[in-house]
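A look at the structure
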Amino acid sequence: MTSNNLLPAAVLKRKAVVYVRQSTPGQVQNNLESQRRQYELVDVARRWGFRDVDVIDDDLGRTASGAVDRPGFERLVSGLCTGKIGAVLCLDASRLSRNGRDWHHLLELCGLVEARVIDLDGVYDPCRPNDRLLLGMKGSISEFELGILRTRMLDAARAKARRGEPRLSVPIGYIWHRDYGLGYDPDLRVQEAIRLISARFRELGSARQVLISLTADNFHFPRPSDGRKTVSFDWVPIRYRSVISILKNPFYAGVYVYGKSGEANGDCRCAGSQKLRTQQGFRKVGRPAQDHHEGYIDWDEFERNQRLIASMPLVKKAVSSPVVEAERCSPVCSPAADVEDGWALSIRGVRQAFDLPLRISSRMD
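As a starting point, this report considers the structure included with it. (Residues numbered from 1 in each chain as written. Predicted model: local features only at pLDDT ≥ 70, side-chain atom pairs only at ≥ 80, totals over all residues. Heavy atoms only, no water.)

**Re the packing of aromatic side chains**
Counted only if it meets this: Two aromatic rings, drawn from Phe, Tyr or Trp (for Trp, its six-membered ring), form a pair once their centres lie within 6.5 Å of each other, and the interplanar angle then sorts them: stacked below 30 degrees, edge-to-face above 60, tilted otherwise. Helix and strand definitions follow DSSP, with helices as H or I runs of at least four residues and strands as E runs of at least two, each counted in order from the N terminus. Partly exposed residues are those whose accessible area sits between 20% and 50% of the maximum for their type, while under 20% is buried and over 50% is exposed, using a 1.4 Å probe and protein chains only.
All chains considered together, the criterion is met by 8 aromatic pairs. Each ring, one from Tyr-174 and one from Tyr-252, has its centre 6.0 Å from the other, and the planes form 40°; the classification is tilted. Placement of Tyr-174 in strand β6 (residues 174–177) and of Tyr-252 in the loop between α11 (240–248) and β10 (261–265) is noted, with a sequence separation of 78 residues between them. We classify Tyr-174 as buried; its relative accessible area is 1%.

Right, here's the structure in full:
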């Protein structure tokens, strides 16, 4: 693997490139020993006989998983295409790439221009089958290692979340106290605002009706004036988003839910495509930790609210049907109309199931 003919004079006359990379800005600031070892590869290149040595460190703080652009790696690939690079030096294979596409693309280019790959173990010639096999294994191990590290971190985070330990950002109405942990916001006006929304929904059974009712009362709702810290508030007229966020958040039922958002690829299915944040719903993220903290409502009431909110599309469609129009205009609905269109029976069943008034307003969710 490291014989004398691996670095012929024609290769030594070309430029050697030292590729330096660390995955995160935190590593750049704290893992200084890894940085120093990578920059010391300049001396390694000179000991191998290279006179012209260049350093590419544009990718400090960038992951090599393929999720972000790497201008330094692109510079390296462009230099290889010109044929002016004789060797690429790296501390190990994971510094060059953590995904198979970039790794094998680099090896292919090195083989075409007869450039060498050098790490602390020796010199590799991608043109030789044995060296190419060994380099391929190094790249595969590097990619597999990233998956193992990610799995371990996620498993540890989930295990901690099952105990309700991670201090997540809390919604309006709660605050992390320095002395005794999570509790109600000490501002009684904030507490009363949240309790009023729950009580009004309990009475009306519709988020839209709650909004209409509170707007008629000139009700104001707190909006954080300091970003997402929820320490100071501006009191503004209530909006539908504020109402529905209170009603659909299980945190207000004393439940700790971790992992409500996930990642999914966009339309592009190729490697390195952009990730999209997606909301998964609290029922898809594992069993929630109930009775984790004091709730504004109990769990049974929260589940009832979710069933009622989920039934609103049926209500909305039923409100616009001829049968409900007839029921709204006349105290008696003809039996023929009930047989012809079953929406009136469906809407009546929904209202009765949740102990709500049978008369339907013209504005529902």
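**Re unusual backbone geometry**
Positive phi, normally seen in glycine, also occurs at Glu-114, with a value near 60°. By the element assignment, Glu-114 lies in the loop between α7 (100–113) and β4 (116–119). We classify Glu-114 as partly exposed; its relative accessible area is 47%. Residue Asn-218 is not a glycine yet carries a positive backbone phi of 60°. In this structure, Asn-218 sits in the loop between α10 (207–216) and β8 (220–224).

**So, the pairing of strand β3 (residues 85–89)**
Condition: Note: two strands are recorded as paired if DSSP finds a minimum of 2 bridges between them.
Counting buried residues along β3, 5 of its 5 residues qualify, which places the element largely inside the surrounding structure. The pairing of β3 with β4 spans 3 bridges and is parallel. Within β4, the residue paired with Leu-89 across the bridge is Ile-118.

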